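Results of the structural survey
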Amino acid sequence: MRIGYLQFEPVFGKPETNKQKIEQLLGKETFDLMVLPELSQSGYVFSSKNELEELAEEIPNGSFCSFLKKMSAEKEGFIVSGICERSGNNFYNSSILVSPDGKIETYRKLHLFYEEKLWFSPGNIPLTVHEIRHEQWGSARIGMMICFDWRFPEVTRILALKGAQIICHPSNLVMPHCQDAMITRALENHIFTITANRTGRDVKPDKQMQFTGKSIMVAPDGAVLKKSSEKAEEVLLIDIDPGLADNKNVNAFNDAFNDRRSDFYR
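Definitions and limits used
- Residues numbered from 1 in each chain as written.
- Predicted model: local features only at pLDDT ≥ 70, side-chain atom pairs only at ≥ 80, totals over all residues.
- Heavy atoms only, no water.
- Salt bridge = Lys/Arg side-chain N within 4 Å of Asp/Glu carboxyl O.
- Helix = DSSP H or I, 4+ residues; strand = E, 2+ residues; numbered from the N terminus.
- Buried < 20%, exposed > 50% of the residue type's maximum accessible area, 1.4 Å probe, protein only.
- Axes fitted to C-alpha atoms, helices over the stretch in contact; angles between N-to-C directions.
- Left-handed = near helix turned anticlockwise from the far one by under 90°.
- Contact = heavy atoms within 4.5 Å.
- Nonpolar A, V, L, I, M, F, W, Y, C, P; charged D, E, K, R; others polar.
- Pairing = 2+ DSSP bridges.
- Parallel < 35°, antiparallel > 145°, perpendicular 65-115°, else oblique.

Let's talk about the pattern of salt bridges
Tallied over the entire structure, the rule returns 14 salt bridges. A salt bridge links Glu188 to Arg185; the nearest nitrogen and oxygen atoms lie 2.8 Å apart. On the criterion of helical spacing, the pair formed by Glu188 and Arg185 is a turn pair, its members being 3 residues apart in helix α6 (residues 178–189). Accessibility expressed as a relative area gives 10% for Arg185, which makes it buried. Taken together, the salt bridges that share partners define one network made up of Glu38, Lys109 and Glu116.

Examining the packing of helix α5 (residues 153–161) against α6
For the pair α5 and α6, interaxial distance at closest approach is 10 Å and the crossing angle is 35°. Crossing angle aside, the handedness with which α5 passes α6 is right-handed. Across from Pro153, Thr156, Arg157 and Ala160 in α5, the residues of α6 making contact are Arg185, Glu188 and Asn189. Its residues assigned to classes, the contact of α5 with α6 comprises 2 nonpolar, 2 polar and 3 charged.

A word on the sheet that holds strand β8 (residues 166–170)
An order of β6-β7-β8-β9-β12-β13 is seen for the 6 strands of this open sheet, with the pairing classed as mixed. Strands at the two margins of the open sheet, each flanked by one partner only, are β6 (129–134) and β13 (224–227). With direction set aside, neighbouring strand axes in the sheet form an average angle of 20°. Alignment of β8 against strand β9 (residues 192–196), held across 5 bridges, turns out to be parallel. Counterpart to Ile166 in the pairing with β9 is Phe192.

Details of the packing of helix α1 (residues 15–26) against helix α3 (residues 63–75)
The angle between the axes and the distance between the axes are what describe a pair of packed helices. In contact at an axis separation of 11 Å, α1 and α3 are set at 10° when each is read in the N-to-C sense. The angle between α1 and α3 falls in the class roughly parallel. Here Glu16, Lys19, Ile22, Glu23 and Leu26 of α1 come into contact with α3, specifically with Ser63, Phe64, Phe67, Lys70, Met71 and Lys75. By residue class, the composition of the contact of α1 with α3 is 5 nonpolar, 1 polar and 5 charged.

Below you can see the structure in the form of structure tokens.
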């Protein structure tokens, strides 16, 4: 199975520009699973509800969803991307899983970071594992989390306990710790993780924010499979066997999940 991430700098308030950049960067790449950053179509630093109303879209029929459905079908690969979602009168920092047949699954960020709390409603969809299939490489089970969710190990653990082999992690990271922490998340749950971070910065008249890049893919044994620099706009890919994440053995005597003493964890 060929998995990867696209690291790039979304332009705030320019969804058409961002779609063009995604299409250009994916180019002739072939993949089975591709992860894009958080809020890929809108940019990150909001200053008003008017901006949200202008940039957010409904799932699954919005412009960015339609674009990703087209890309997924053309590539015959699954795409996970962050998206600014409108649902009724609420706005969510969401992630979608887009299938080549046009089906879309949604996750809404549970743990809002900093000023996100001014603009977005907290996520209200249970943590869910989705099985994806293809006749050439079989199947894989994936879970979605978004950016600051990394700080709460319960998210990754619950997805892993539900059977996730790969965690897809769209991000707009600004603090320096996450990329290294994802090594621990992969190791403690014996799963693959794909953190797709953005680069550059959002600049507004009243504020600005610098992002850290350094997107990273990690194997179940904690080995770093791929990692980007802080500034590169690029697609990185690697071939994996998702079934490796099903073996939770640490050694001949220890199993990462069976050895849990959950009766003492309350």
